[in-house]
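Below are the chains, spelled out letter by letter.
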Amino acid sequence: MTVDSMPGTSNGVETFSTADFHDWRSHVSESFVPLEVQTDRPDTFHGDLRAKRIDRLAMFDIRVSQHAVIRTPELVARSGRDFYKLSMQLRGSSLLLQDGKEALLTPGDIAIYDTTRPYTLLSDDYMRHIVLMFPRTSIDLSTEDLSELTATRLPADLALCQVVSPFLLRMAKNFESLHGVSALRLAHTTIDLVTTLFASELDIGLEGANEPRRRLLSQIKHFIEANLDDDSLSPGQIAAAHYISVRQLHQLFQTEGSSVSTWIRTRRLEHCRRMLTDPVHSGRSVSEIGARWGLPDAPHFSRVFKAAYGASPRQFRAEAVHDA
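The structure displayed is predicted, hence computed values, not measured ones.

**Remarks on the side chain of Ser-142**
- Tracing the sequence through the fold places Ser-142 in the loop between strand E12 (127-135) and helix H3 (143-146).
- The class for Ser-142 is buried, based on a relative accessible area of 4%.
- A polar side-chain atom of Ser-142 sits 3.0 Å from the main-chain amide nitrogen of Asp-145.
- Once residues lying within four places of it in the same chain are set aside, the contact partners of Ser-142 are Tyr-84, Lys-221, Glu-256 and Trp-263.

Have a look at this one:
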């Protein structure tokens, strides 16, 4: 660490400012996922980063000189961290490349990329953007669907971007005041908002492409989400509600490398995880929370939750309270 590099933490906000490109490169890889960072102007480089981590959402406000960020196939293979990253351009321009596509972002534009596949982000001088990073399992959209949106420019004048963008900017400006229950709720709201943005774009894409299979799968997932609290929810019930056979239902999920039961369990556990971290629900027992989301068998709930998150529901809640 050189004298030009200044890390710090205040009110849960991480700050990092440096004129040393090598320090910036190390810090960026530690803050996000392992990355290669390059610039052809190391002598005039400067970067500032503010970060706020709330539950499983990490938000970054970045101001940085011309540089390139590269997630190579080798780095992907060595890292088991599965995240989506959303970038909202505030100043200057960036070029995002992933999955054979590219998106040129100018102020107000939004794009998403996936850390499980290689990508490159090229930024010009005096660039500022807000980056969100969150686990892929935290949103109820399939990886297959979202792969259609990677490196796709969502323009500033898009109706939902005009809703989401000011919200994200206000969040970034008020990092220091975000704490406790309100911060947790805002983090969940942030993920829900960006999910709505992506879902809206996917629906538009389906209308244009006339893909009945994917439209049906989207409708089925909405049905499942609305009925997660029903512990009797079954493939037969879901298939009947959509006038297809159970075999056809399983085939729909198999096309994206999942299964009906896995999807239902993942969504139930994510809702349970949210409630366990929220102090508003501290008066509810673990078993009540499991039952609320269709997992009334307490031992079973504990087993599947631990398999997904590495701790039992009670341990997870205790750790969340300690970290708050």
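**Considerations on helix H8 (residues 246-254)**
- Here H8 has its buried residues at Leu-249, Leu-252 and Phe-253. Take H8 and look down its axis: the buried residues cluster within an arc of 90°, on one side only. Away from its buried face, by an angle of more than 90 degrees, H8 presents the exposed residues Arg-247 and Gln-254.
- Buried residues belonging to H8 abut helix H6 (212-226), helix H7 (235-241) and helix H9 (260-277).

**Structural notes on the pairing of strand E5 (residues 57-64)**
- Extensive coverage of E5 is indicated by the burial of 7 of its 8 residues.
- Bridge analysis of strand E4 (residues 47-54) against E5 gives 8 bridges, and the strand direction is antiparallel. What sits directly across from Arg-53, in E5, is Ala-58.
- Hairpin remark: E4 followed by E5, antiparallel, with 2 residues in the connecting loop; positive phi at Asp-55, about 55°.
- As paired strands, E5 and E12 are joined by 7 bridges and run antiparallel to one another. Bridged to Phe-60 within E12 is Val-131.

**Here's the deal with the environment of His-188**
- In this fold, His-188 is placed in helix H5 (residues 180-209).
- We classify His-188 as buried; its relative accessible area is 8%.
- Considered as a pair, His-188 and Asp-55 are 133 residues apart in the sequence and their alpha carbons are 8.6 Å apart.
- Apart from the residues within four sequence positions on either side, His-188 is in contact with Asp-55, Arg-273, Arg-274 and Thr-277.

**Some words on H6**
- Here H6 spans 21 Å end to end across 15 residues, near enough to the 21 Å set by a 1.5 Å rise per residue.
- Those residues of H6 lying buried are Arg-214, Leu-217, Ser-218, Ile-220, Lys-221 and Ile-224. Here the buried residues of H6 occupy an arc of 160° about the axis, which is enough to place them on one side. Exposed side of H6, more than 90 degrees from the buried face: Pro-212 and Ala-226 are the residues found there.

Cut-off values and rules
Residues numbered from 1 in each chain as written. Predicted model: local features only at pLDDT ≥ 70, side-chain atom pairs only at ≥ 80, totals over all residues. Heavy atoms only, no water. Helix = DSSP H or I, 4+ residues; strand = E, 2+ residues; numbered from the N terminus. Buried < 20%, exposed > 50% of the residue type's maximum accessible area, 1.4 Å probe, protein only. Polar contact = N/O pair within 3.5 Å; in protein donor to acceptor, adjacent residues only side chain to side chain. Contact = heavy atoms within 4.5 Å. Arc of directions from axis to C-beta. Pairing = 2+ DSSP bridges. Expected span 1.5 Å × (residues − 1).

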